[in-house]
Amino acid sequence: MTSNLLLKAENVGIQFGGLKAVQNVNMYLNQGELVGLIGPNGAGKTTTFNMITGVYQPTVGAITFAGRNLKGLKPYQVTKQGMSRTFQNIRLFKDLSVLDNVKVANHNIAKHSIVSSILRLPSHFSGEAKMEQESIEFLKIFGLDVYKDEMAKNLPYGMQRRLEIARALAAKPKLLLLDEPAAGMNPQETHDLMELIAFIRKEFNLTILLIEHDMHLVMGICERIYVLDHGQLIADGTAEEIRNNPKVIEAYLGEEVTD
Ligand SMILES: Nc1ncnc2c1ncn2[C@@H]1O[C@H](COP(=O)(O)OP(=O)(O)OP(=O)(O)O)[C@@H](O)[C@H]1O
């Protein structure tokens, strides 16, 4: 086992009724890596995310994160271990302001005590001000500070996707899981997002696991890529290796994988 190992999935699988949605998945993430998880529709990518984040308990196998077995942990408990995610279908607090969406995430890890908040002690206000300032800084990174008072639902689609990532980042995770962050974005937005993901990884010393259908995005920024097909891993390797892997070509696109 390497010393900078952050996440390890060993022989992980899950069954829904008679359907083996994911089987025998072995996967690891080292600290600081940016790794892609790809595969055709229904291959089991989101289900794998759901097992890692505690939404589903694997039927078999074990997942270890930062040295701790995640078995039995609920999603909020997994979050507390230092994991944040975004969703394929954007899940924002649509009627809250852009700033409040980020503050909510920041609040979960705020240091000032509940007692000081209830009693409205000075430490509550200084904590609150610090949190607000920090949340604005997160928004700036994503070019969203100009929209801070806007309701989340009024943002253009691409900006809502960015806000979801900003919110996930504000929880200061060790591991960030992004489920199709570029879905529905135009090529320019996708390109900008690609640069942003690479930037935040470096800036925050993050480990990122990314589900994405946009091959250009995956091949462009990921150091390693896992490929799922019909619930099983059929390949892993660098973008170059994946691009030339006949199993991937056959299973994933049925034609040449290009970037
Ligand atoms: N809660 C559930 N109950 C029953 N079947 C499920 C459940 N969740 C996922 N599945 C099934 O598991 C399989 C894998 O689905 P999953 O959503 O993980 O695929 P995916 O690779 O993320 O697909 P896509 O790219 O279309 O999002 C599918 O056959 C899906 O219908």
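Residues numbered from 1 in each chain as written. Predicted model: local features only at pLDDT ≥ 70, side-chain atom pairs only at ≥ 80, totals over all residues.

Per an unreviewed UniProt entry, the recorded name for the chain is Amino acid/amide ABC transporter ATP-binding protein 1 (HAAT family), and the organism is Ureibacillus chungkukjangi.

### Some remarks on the site of the ligand
Operational definition: For each residue, a C-beta atom is positioned from the backbone; the residue is called near a molecule or strand if that atom sits within 6 Å of it. In DSSP terms, a helix is any run of H or I states spanning at least four residues, a strand is any run of E spanning at least two, and both are numbered starting from the N terminus. The classification used treats Ala, Val, Leu, Ile, Met, Phe, Trp, Tyr, Cys and Pro as nonpolar, Asp, Glu, Lys and Arg as charged, and all other residues, Gly among them, as polar.
Taken together, the neighbourhood of the ligand is formed by F16, L19, A21, G39, N41, G42, A43, G44, K45, T46, T47 and Q88. Of all the secondary-structure elements, those providing two or more residues to the shell around the ligand are β2 (19-30) and α1 (45-52). Of the residues belonging to the shell around the ligand, the class tally is four nonpolar, seven polar and one charged.

### Description of the nonpolar core
The condition that has to hold: Buried Ala, Val, Leu, Ile, Met, Phe, Trp, Tyr and Cys residues form a nonpolar core when they are connected through C-beta atoms within 7 Å. Every C-beta atom is placed from the backbone, and the number of other C-beta atoms within 10 Å of a residue's own sets its class: buried at 20 or more, exposed at 12 or fewer, partly exposed in between. Domain extents, as shown, originate in an automatic or database domain assignment. Remark: residues whose backbone-derived C-beta atoms lie within 7 Å of one another are considered to be in contact.
Counting 68 residues, the largest nonpolar core has A166 and V227 as the members making the most contacts within it. Here this core takes six residues from helix α6 (residues 157-170), the largest share from any one element. The residues that make up this core include at least three from each of domain 1 (1-82 + 173-258) and domain 2 (92-172). Among all residues touching A166, those that are not within four sequence positions of it are V102, F138, L139, F142 and L144.

### Let's talk about the domain arrangement of the chain
Entries for the chain in the domain assignment read domain 1 (1-82 + 173-258) and domain 2 (92-172). Contacts between the two partners involve 11 residues from domain 1 and, on the opposite side, 10 residues from domain 2. Taken together, the elements giving at least two residues each to the side of domain 1 that touches domain 2 come down to β7 (175-179) and α7 (187-203). Element by element, the count of residues in the side of domain 1 that touches domain 2 is highest for α7, at three residues. Its residues assigned to classes, the side of domain 1 that touches domain 2 comprises eight nonpolar, two polar and one charged.

### Points about α6
Rule in force here: How far a helix is expected to stretch is found by multiplying one less than its residue total by 1.5 Å.
For α6, spanning 14 residues, the distance from its first C-alpha to its last is 20 Å, which sits close to the expected 20 Å at 1.5 Å a residue. When you tally the buried positions in α6, you get 11 out of 14 residues, the bulk of the element. Burial in α6 covers these residues: Q160, R161, R162, L163, E164, I165, A166, R167, A168, L169 and A170. Looking one or two residues beyond α6, the residue adopting positive phi is K172, at roughly 50°.

### Focus: the sheet that holds strand β1 (residues 5-16)
To be explicit about the condition: In this description, strands pair whenever DSSP reports at least two bridges between them. Every axis in this analysis is a line fitted to C-alpha atoms, fitted for helices over the stretch in contact. Angles between the N-to-C directions lie between 0 and 180 degrees.
Taken together, four strands build an open sheet; the order of strands is β2-β1-β4-β5 and the sheet is antiparallel. Two strands lie at the open edges of the sheet, namely β2 and β5 (68-69), each paired on one side alone. Relative to β2, β1 is paired through eight bridges, and the arrangement is antiparallel. Residue pairing across strands places L5 opposite N30, the latter belonging to β2. Here α1 sits on the sheet in contact with β1, β2 and β4 (60-65), set at roughly 65° to β2.

### Overview of unusual backbone geometry
When glycine is set aside, most residues are seen to have a negative phi, and most peptide bonds are trans. Even without being a glycine, N11 presents a positive backbone phi close to 45°. Look at H230: it is not a glycine, yet its phi comes out positive at around 45°. Summarising the element assignment, H230 is placed in the loop between β9 (224-229) and β10 (232-237).

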